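Examining the three-dimensional arrangement
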Amino acid sequence: MAHSTIHALATLLALAALAPAPASQAAPYIPANGSQVVELLPRRADATQRELRELRDSLSAHPANLALATDLAQRYIALGRASSDPRFLGYAQAALAPWWRLAAPPPEVRLLRATLLQSAHHFDAALADLDQVVAARPKLAQAWLTRATVQTVRGDYDGATASCARVSALANELVAVTCLANVGAVTGRAQHSEQLLDLTLQRSAGAPPEVAVWSLTLLAEMAARRGAADVAETRFRRALALAPRDGYLLGAYADFLLDQQRPADVLALLREHTRVDALLLRRALALALALTSQQTPNMAAALAADVSELAARFDAAMRRGDNFHQREQARFELSLRRNASAALALARQNWQVQKEPADIRIYLDAALHAHNAGAARPVLDWIAAHGSEDVAIARLVRQLKGGV
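Residues numbered from 1 in each chain as written. Predicted model: local features only at pLDDT ≥ 70, side-chain atom pairs only at ≥ 80, totals over all residues. Heavy atoms only, no water.

**Some words on the overall build of the protein chain**
Rule in force here: Helix and strand definitions here come from DSSP, where helices need a minimum of 4 consecutive H or I residues and strands a minimum of 2 consecutive E residues; each element is numbered from the N-terminal end. Any residue under 20% of the maximum accessible area for its type is buried, any over 50% is exposed, and the rest in between are partly exposed; the area is computed with a 1.4 Å probe on protein chains only. Every residue pair with non-hydrogen atoms within 4.5 Å of one another is taken to be in contact.
Secondary structure summary: the protein chain contains 22 helices and zero strands in total. Relative to its full complement of 404 residues, the protein chain shows a buried share of 52%. A separation of at least 24 residues holds for 58% of the contacts in the protein chain among residues at least 6 apart in sequence.

**A look at the packing of helix 16 (residues 277–291) against helix 17 (residues 297–320)**
Under the convention used in this document: Fitting a line to C-alpha atoms yields each axis, with helices limited to the stretch in contact; the angle taken between N-to-C directions then spans 0 to 180 degrees. Should the near helix be turned counterclockwise from the far one by less than a right angle, the crossing is left-handed, whereas a clockwise turn marks it as right-handed. Charged means Asp, Glu, Lys or Arg here, nonpolar means Ala, Val, Leu, Ile, Met, Phe, Trp, Tyr, Cys or Pro, and polar covers whatever is left, Gly included.
Closest axis-to-axis distance for the helix 16/helix 17 pair is 9 Å, and the angle between their directions is 145 degrees. Where helix 16 crosses over helix 17, the two elements pack in a sense that is left-handed. In this structure, helix 16 contributes Asp 277, Leu 280, Leu 281, Arg 283, Ala 284, Leu 287, Ala 288, Ala 290 and Leu 291 to the contact, and helix 17 contributes Met 299, Ala 300, Ala 302, Leu 303, Asp 306, Glu 309, Leu 310 and Arg 313. The class makeup of the residues in the contact of helix 16 with helix 17 is 12 nonpolar, no polar and five charged.

**Side note on the pattern of salt bridges**
As a reminder of what qualifies: Salt bridges are defined as contacts in which a side-chain nitrogen from Lys or Arg sits within 4 Å of a carboxyl oxygen from Asp or Glu.
Using the criterion set out here, one finds 25 salt bridges in the structure. Ionic pairing is found between Asp 124 and Arg 154, a salt bridge with its closest N-O pair at 2.5 Å. Within this pair, whereas Asp 124 is found in helix 7 (residues 123–136), its partner Arg 154 is found in helix 8 (residues 141–154), the two being separated by 30 residues in sequence. Here Glu 194 ties to Arg 235 by a salt bridge, and the two come within 2.8 Å at their closest N and O atoms. Remark: Arg 235 occurs in helix 13 (residues 229–242) and Glu 194 occurs in helix 11 (residues 190–202); sequence separation between them is 41 residues. In this structure, Glu 194 and Arg 235 share a single accessibility class: buried. Several salt bridges share partner residues, and in doing so they unite Glu 194, Asp 198, Arg 226 and Arg 235 into one network.

**What to know about the nonpolar core**
Basically, it comes down to this: What is meant by a nonpolar core is a set of buried Ala, Val, Leu, Ile, Met, Phe, Trp, Tyr and Cys residues, joined one to another through side-chain atoms within 4.5 Å.
Ranked by internal contacts, the top residues of the largest apolar core, which has 121 residues, are Leu 96, Phe 236, Leu 269, Leu 310, Leu 336, Ile 360 and Leu 364. If near-sequence neighbours (up to four positions away) are discounted, Ile 360 is found in contact with Trp 351, Val 379, Trp 382, Ile 383 and Ile 393.

**With respect to empty space enclosed by the protein**
Which entries qualify depends on this criterion: With a 1 Å grid laid over protein atoms only, a set of points is called a cavity when a 1.4 Å probe fits there but cannot get out and a pocket when it is open yet has protein on both sides within 12 Å along at least five of seven lines; lining residues have an atom within 4 Å of a point. Grid points are joined across faces, edges and corners, and a volume is the space filled by probe spheres set on the points.
Tallied over the full model, the rule gives four cavities of 30 Å³ or more. Together, 15 residues line the largest cavity, and Ala 185, Val 186, Pro 357, Ile 360 and Ser 388 are the ones closest to its centre. Of all the secondary structure elements, the ones that give two or more residues to the lining of the largest cavity are helix 20 (357–369) and helix 21 (377–386). The dominant element in the lining of the largest cavity, judged by the number of residues it contributes, is helix 21, at three residues. For the lining of the largest cavity, the residue count by class is eight nonpolar, two polar and five charged.

**Here we look at the packing of helix 20 against helix 22 (residues 391–400)**
Applicable threshold: Should an angle fall under 35 degrees it is called roughly parallel, over 145 degrees roughly antiparallel, and 65 to 115 degrees roughly perpendicular, with every other angle called oblique.
Interaxial distance between helix 20 and helix 22 falls to 10 Å at its minimum, and their mutual angle equals 30 degrees. What the angle tells us is that helix 20 and helix 22 run roughly parallel. As helix 20 packs across helix 22, the resulting crossing turns out to be left-handed. In this structure, helix 20 uses Pro 357, Ile 360, Arg 361, Leu 364, Asp 365, Ala 367 and Leu 368 to contact helix 22, whose residues at the interface are Ala 392, Ile 393, Leu 396, Val 397, Gln 399 and Leu 400.

**Remarks on the confidence of the model for the protein chain**
Definition in use: Every residue gets a pLDDT, meaning the predictor's confidence in that residue, from 0 to 100.
Put simply, the protein chain has an average pLDDT of 87, and 88% of its residues get 70 or more. Confidence, read as mean pLDDT per element, is least for helix 1 (residues 3–13) in the protein chain (37) and greatest for helix 13 (98). For residues 1–45, every residue scores under 50 in pLDDT, and the model assigns this stretch 90 contacts once sequence neighbours within four places are set aside.

**A short note on helix 11**
Defined as follows: One less than the residue count of a helix, multiplied by 1.5 Å, gives the span that helix is expected to have. For this quantity, the arc is that covered by the directions from the helix axis to the C-beta atoms.
For helix 11, spanning 13 residues, the distance from its first C-alpha to its last is 18 Å, which sits close to the expected 18 Å at 1.5 Å a residue. If you check which residues of helix 11 are buried, you get Ala 190, Ser 193, Glu 194, Leu 197, Thr 200 and Leu 201. Along the long axis of helix 11, the arc covered by the buried residues comes to 135 degrees, so they all point the same way. For helix 11, exposure combined with an orientation more than 90 degrees from the buried face picks out Gln 191, His 192 and Gln 202. Against helix 10 (173–184), helix 12 (209–225) and helix 13 lie the buried residues of helix 11.

**Quick look at the state of the cysteines**
For clarity, the threshold we go by: Defined by distance alone, a disulfide is two cysteine sulfur atoms within 2.5 Å.
Tallied over the full model, the rule gives one disulfide. Disulfide pairing places Cys 164 opposite Cys 179 at an S-S distance of 2.0 Å. Between Cys 164 and Cys 179 the disulfide shows an S-S torsion of about -80 degrees. By sign, it is left-handed. In this pair, Cys 164 sits in helix 9 (residues 157–168) while Cys 179 sits in helix 10, placing the two residues 15 residues apart along the sequence. As far as the burial class goes, Cys 164 and Cys 179 line up, both buried.

Below, the structure is given as C-alpha cells:
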C-alpha cells in the first residue's frame, strides 16, 4: 500500500474505524476577561508539536489553502484519538471552516467532514457525504471503510458487507478482514470471524500500529463476548502496549474489567483519562462497584464528585441539543442514579440511532430493571433476526424471558 494511502487510512482509523466518537464534554467555560488563565498546556518540543505549530501558522496566513487545511485536520483527528482528547475534533472542524457548510465541498473535505459528522452520530449527513465521495473517487479505500463503519453501527449489515468488499479490493488483507470481521461479529458469524481475523493478524507482521490496535481491540471484544476472559485480557493488553491512550480501547478494556469485578484496575487504568465523558463514567462505575465491598470517605466523596460532574455534562449536552451521549447517559441513569425508567427512555432513543452490542445490552438491562419486558421486544426481535453472540446479552435475554 502506498505511503499516502497508509497515512490516510491511519487517520481514518484514528477516529472512525470501530470507535464510537468521544462523548461530549462539559459546557464551555467563558473566562471573565482576556487576561484570565484557563489552563496551562505543556509546550512540548517534539517534532509533532513543531509541525502542528508550523501548519497552524501557515493556515492562519492562508486559510483557503485546501492542502494545508486537510493535512491539519487529519492530524488533529489522529491526535484526538491518540490523546483521548475530543477538543482536537473541534480543532479539525475549525481547520475546515471555509468549506464546512458548502453543499459540494472538495472530496478531501467531504471525507473528513463525514468522519467528524459520524463522530457526533450525525450518521445520515455522514453517509450523504460518503456517498458523494465514493461516487467521485470509487478507489478511495478509507471512504469505503468509513462507510462500512457507519453502516455497521446503524445495523445496515448488508450495506456494510458490500462496503467491506470494496475495501478488500483496495486495502491490505488485515484491513479488509477486520472490516468484514466487524460485521460478522454481530451477525451470527462471530466464531469464524474471530478465527480468521486472529490468523490474519498473526501473519501481518509490520502492520501499521493503528490497524493492529483496531484488529486487536476487536479480537479482545470478541473473546470477551464469548466469555473467554483470559484471551480477552491478553489481547487488550497487547493493544494497550501499542496505544496506551486510545480512547475507545480504554473504554472497552474498562468495560471488560467492570464485568470481571475488578474496579481497582479500572481506577488505575483511567486515572489520567477523565476529560472524556465516557471514561469519567467508567471511573464512576468503578468507584460505585468498589464501594460495595469497601467503604472509605475518600472513595465515597470521589464518587459523589464524579456523579455531580457527569450530571452537569449530560445536562449541558442536552441543552446544546447533542444526542450522541444517550448510551452513556442511559448507563449513568441506570447504574449511578438507579433510575431505570429514565435509562430505558434514553436507551430507546439511542436504539433509533445505533445498534451495537453495547446498545443492545443497555436497552435490555434498563428494560429488566424497569420491569418492562415488553419494552425490550424490538431488541429481542433484532437479536433473533441477526444472531447476537454475547454471553452477557444472552443472560439478559433469559432474565427478560423469565429464565434464570
